2 protein chains.
Amino acid sequence: MTVQSGRRERKKAATRQKIADTALRLFLERGYEAVGIREIAAEADVAVTTLFSHFASKEALVFEQDADFEHRLAQAVTGRAPDEPLMPALRREMHAMVRHCTADGAAPVWRMIDGSTSLREYEESMRLRHAKSLAAAIAADPGLSRTATACRTIAGFVVDAHALAREAADPEAAVDEIFGMIEAAWESTAT
Amino acid sequence: MTVQSGRRERKKAATRQKIADTALRLFLERGYEAVGIREIAAEADVAVTTLFSHFASKEALVFEQDADFEHRLAQAVTGRAPDEPLMPALRREMHAMVRHCTADGAAPVWRMIDGSTSLREYEESMRLRHAKSLAAAIAADPGLSRTATACRTIAGFVVDAHALAREAADPEAAVDEIFGMIEAAWESTAT
DNA sequence: TTTCGATACCCTAACCGTTAGTGTTACGGT
DNA sequence: ACCGTAACACTAACGGTTAGGGTATCGAAA
């Protein structure tokens, strides 16, 4: 486990980025389903197998920075100020995430996602992962003693909030509305 | 639109059933991923295209009676007694559904589902559909005036309850625990 | 410096779910 | 008795994904 930043890792990162950029460009130009893997690989000047060594599936090309999102919610729980209650921290993070997804320039990507069944399904499977890690983070906090079922329920609720808010007319207001409900559910489980 | 029960419809139903039975048998014998579509079709003595005219995908072979489930929750809302509150009706239906899924004999099937990524993803996409129709049913009830976001949030919550309860050590108790949270969330939106 | 293991990449050829295209049969209403 | 059509069949392909097996470049130990 040596430190990073050898020429190798830089080249690898560059290849990955080139693939992702090429794919996104082609997808936006001609539509997700209309662009094939072999074509993306050719345009990015890599072999198909190389593409799949960087991305586990065609859908993963679109959700390139999924791994970031994966941890942000969990971090919001484990990294919050020692005396801060859970819900405000989660609400704040959710606001930031929703703002990020509804920023200018992101719209075409989301339109593309909503237009493809397989992309929507992939996004759902991501939510399951996110909910799982969030539930683990909540369950691990010694300050909040709740049952495993309660943690998982709340976690599922929170990640769903992201999807629901994205589709709402006023995403920011939707986050607040949903979090009102989440807090009521959460407090109903207080011992 | 003539009435049913011609020889034709019986034959069609028989073909569909034979395909589903064959598929489930092979899946349980040798594992979901280890059995190919061509093999199922051959064993059921139909053409591959015929199989796909009855089932939209390989996963749909496993969730054969999905369509039933699709409407049960919505029915629980629209078909409840005129004066019955929403939540008890949903809770009752959810109890019935969970009991059905945890009945003896269903265990191997669920073990198979949990063992396959594509089956789990398919189940999730079903949940989205179910949540959508449930949300529509709730939103359509004139007695419950809630925002669209609140309806969708609660609907997502309810369908998630099914998945969470199935995985819990005591599914029936989990349903009650989760519904306690759902009711708190629901009542927090009362005008 | 030389050597050497690791790894990033390449190519070919397939596998598998799924669909299009094109018939053929047999049912059901007229 | 006839015809429209629904159900099914066959072949061939498409597109995502993976296996198998090879080359080259990097990084570090010898």
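Residues numbered from 1 in each chain as written. Chains lettered and ligands numbered in written order. Predicted model: local features only at pLDDT ≥ 70, side-chain atom pairs only at ≥ 80, totals over all residues. Heavy atoms only, no water.

## Quick notes on the packing of helix H8 (residues 148-167) of chain A against helix H9 (residues 171-187) of chain A
Residue and element names in this part refer to chain A.
And then number 1: Following both chains from N to C, one finds H8 and H9 inclined at 165°, their axes separated by 9 Å at the closest point. On the basis of their axis angle, the class for H8 and H9 is roughly antiparallel. In the crossing of H8 with H9, the sense of the turn from one axis to the other is right-handed. Mapping the contact onto sequence places Ile154, Phe157, Val158, Ala161, Leu164 and Ala165 in H8 and Pro171, Ala174, Val175, Ile178, Phe179, Met181, Ile182, Ala185 and Trp186 in H9.
And then number 2: Split into classes, the residues belonging to the contact of H8 with H9 amount to 15 nonpolar, no polar and no charged. (Axes fitted to C-alpha atoms, helices over the stretch in contact; angles between N-to-C directions. Helix = DSSP H or I, 4+ residues; strand = E, 2+ residues; numbered from the N terminus. Parallel < 35°, antiparallel > 145°, perpendicular 65-115°, else oblique. Left-handed = near helix turned anticlockwise from the far one by under 90°. Contact = heavy atoms within 4.5 Å. Nonpolar A, V, L, I, M, F, W, Y, C, P; charged D, E, K, R; others polar.)

## Overview of the protein's contact with DNA strand D
And then number 1: What surrounds DNA strand D is a group of 24 residues, the closest being Lys58(A), Thr15(B), Ala47(B), Thr50(B) and His54(B).
And then number 2: Counting only the atoms of DNA strand D that lie within 4 Å of the protein, the sugar and phosphate share comes to 58%.
And then number 3: Asp45(B) places a main-chain nitrogen or oxygen 3.4 Å from a phosphate oxygen of DNA strand D.
And then number 4: A distance of 2.9 Å separates a base nitrogen of DNA strand D from a polar atom in the side chain of Thr49(B).
And then number 5: Where the surface near DNA strand D is concerned, the elements lending two or more residues are helix H1 (7-30), helix H2 (37-44) and helix H3 (48-54) of chain A together with helix H1 (7-30) and helix H3 (48-54) of chain B.
And then number 6: Its residues placed into classes, the surface near DNA strand D shows six nonpolar, nine polar and nine charged. (Near = heavy atom within 4 Å. Polar contact = N/O pair within 3.5 Å; in protein donor to acceptor, adjacent residues only side chain to side chain.)

## Structural notes on the pattern of salt bridges
Residues and elements named next belong to chain A.
And then number 1: Within this structure, the stated rule accounts for 30 salt bridges over all chains.
And then number 2: In this structure, the salt-bridge partner of Asp141 is Arg80, at a minimum N-O distance of 2.8 Å. One end of the pair, Asp141, is in the loop between helix H7 (117-140) and H8; the other, Arg80, is in the loop between helix H4 (66-78) and helix H5 (86-101), and 61 residues separate them in sequence. Here Asp141 and Arg80 have matching classes, each one buried. (Salt bridge = Lys/Arg side-chain N within 4 Å of Asp/Glu carboxyl O. Buried < 20%, exposed > 50% of the residue type's maximum accessible area, 1.4 Å probe, protein only.)

## Examining the domain arrangement of chain A
Residues and elements named next belong to chain A.
And then number 1: The assigned domain composition of chain A is domain 1 (2-57) and domain 2 (66-188).
And then number 2: Computed over C-alpha atoms, the centres of domain 1 and domain 2 are 28 Å apart.
And then number 3: Residue-level contacts link six residues of domain 1 with seven residues of domain 2.
And then number 4: Summed over both sides, the interface between domain 1 and domain 2 buries roughly 490 Å², with carbon and sulfur atoms accounting for 75% of that surface.
And then number 5: Area buried by domain 1 at its contact with domain 2 is led by Leu28, Tyr32 and Glu33, which between them contribute 70% of it.
And then number 6: On inspection of domain 1 and its partner domain 2, the count reaches zero salt bridges.
And then number 7: Linking domain 1 with domain 2 are one residue pair in polar contact (both at pLDDT 80 or more). (Domains from an automatic or database assignment. Buried area = accessible area lost by both parts, 1.4 Å probe.)

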